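Structural description and commentary
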Amino acid sequence: MEIYAALESLKGLILECDLPRTDLALFGIKCPYCGKSDRIHPLEPPQDLIALLERTQLERYSDLWQRLNPSQGDLGICKFCHNPLGLSLPEGIARTLDSA
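Since the structure is predicted, the reported quantities are computational estimates derived from the model, not experimental observations.

The rules we used
- Residues numbered from 1 in each chain as written.
- Predicted model: local features only at pLDDT ≥ 70, side-chain atom pairs only at ≥ 80, totals over all residues.
- Heavy atoms only, no water.
- Helix = DSSP H or I, 4+ residues; strand = E, 2+ residues; numbered from the N terminus.
- Rg over C-alpha atoms; globule rule 2.2 N^0.38 Å.
- Buried < 20%, exposed > 50% of the residue type's maximum accessible area, 1.4 Å probe, protein only.
- Contact = heavy atoms within 4.5 Å.
- Areas by Shrake-Rupley, 256 points an atom, 1.4 Å probe, with all protein chains shown as cover.
- Lys, Arg positive; Asp, Glu negative; His and termini not counted.
- Charge placed at Lys NZ, Arg CZ, Asp CG, Glu CD.
- Axes fitted to C-alpha atoms, helices over the stretch in contact; angles between N-to-C directions.
- Parallel < 35°, antiparallel > 145°, perpendicular 65-115°, else oblique.
- Left-handed = near helix turned anticlockwise from the far one by under 90°.
- Nonpolar A, V, L, I, M, F, W, Y, C, P; charged D, E, K, R; others polar.
- Salt bridge = Lys/Arg side-chain N within 4 Å of Asp/Glu carboxyl O.
- Disulfide = S-S within 2.5 Å.

**Focus: the overall build of the protein**
- Across its full length, the protein holds 2 helices and 4 strands.
- For the protein, the C-alpha radius of gyration of 12 Å lies close to 13 Å, the compact-globule estimate for 100 residues.
- Oriented by its inertia axes, the alpha-carbon framework of the protein measures out at about 35 × 30 × 25 Å.
- Put simply, the protein has 100 residues, and 40% of those count as buried.
- In the protein, 56% of the contacts between residues at least 6 apart in sequence involve partners at least 24 apart.
- Counting every atom, the protein has about 5700 Å² of accessible surface; 51% of that belongs to carbon and sulfur.
- Counting 10 positive and 14 negative side-chain charges, the protein places the centres of these two groups 4 Å from one another.

Here it is, written out as structure tokens:
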């Protein structure tokens, strides 16, 4: 699956499943797409959603998580522009997932 197709699939799944399920904003981390610094939310890793998603949704989410995040870092979403992001929480930065 091409990276952009995977990103669009993840974005659609995030909207479909109303992810993230926890309401936690990471202030001070700037979205590389829209520049907002108060709308970044971390996404839950697949293992944290076992009881919350349907099996097929969880399988798709887990597959996309692995494809877009092979280093097993943190993923997030900008709730303003709805773009999935790679997060480096110790450094306080968000990156695009297509810049591998």
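**Some points on the packing of helix α1 (residues 3-17) against helix α2 (residues 55-68)**
- It is the contact of α1 with α2, at a shortest axis distance of 10 Å, that shows an interaxial angle of 140 degrees. Regarding the angle of α1 to α2, the classification is oblique. Relative to α2, α1 is oriented so that their crossing is left-handed. Contact with α1, carried on its side by I3, A6, L7, S9, L10, L13, E16 and C17, involves Q57, R60, Y61, L64 and L68 of α2 and no other residues of that element.
- When the residues that make up the contact of α1 with α2 are grouped by side-chain class, the tally is 9 nonpolar, 2 polar and 2 charged.

**With respect to the pattern of salt bridges**
- In total, this model carries 4 salt bridges according to the counting rule given.
- Between E16 and R60 there is a salt bridge; the shortest N-O distance is 3.8 Å. Here E16, found in helix α1, pairs with R60, found in helix α2; they are 44 residues apart in sequence, far enough to count as distant.
- The class for E16 is partly exposed, based on a relative accessible area of 47%.
- Exposure remark for R60: the relative accessible area of 37% places this residue in the partly exposed category.
- Between E59 and R55 there is a salt bridge, with the nearest N and O atoms lying 3.1 Å from each other. Taken together, the residues span about one helical turn, with E59 and R55 both in helix α2 at a distance of 4 residues.
- Taking the relative accessible area as the measure of exposure, E59 reaches 44% and is therefore partly exposed.

**Things to note about the state of the cysteines**
- According to the stated counting rule, one finds 0 disulfides in the structure shown.
- This cysteine, C17, is not joined by any disulfide, and C78 carries the nearest cysteine sulfur, 19 Å off.
- Residue C17 is classed as buried on the basis of its relative accessible area of 4%.

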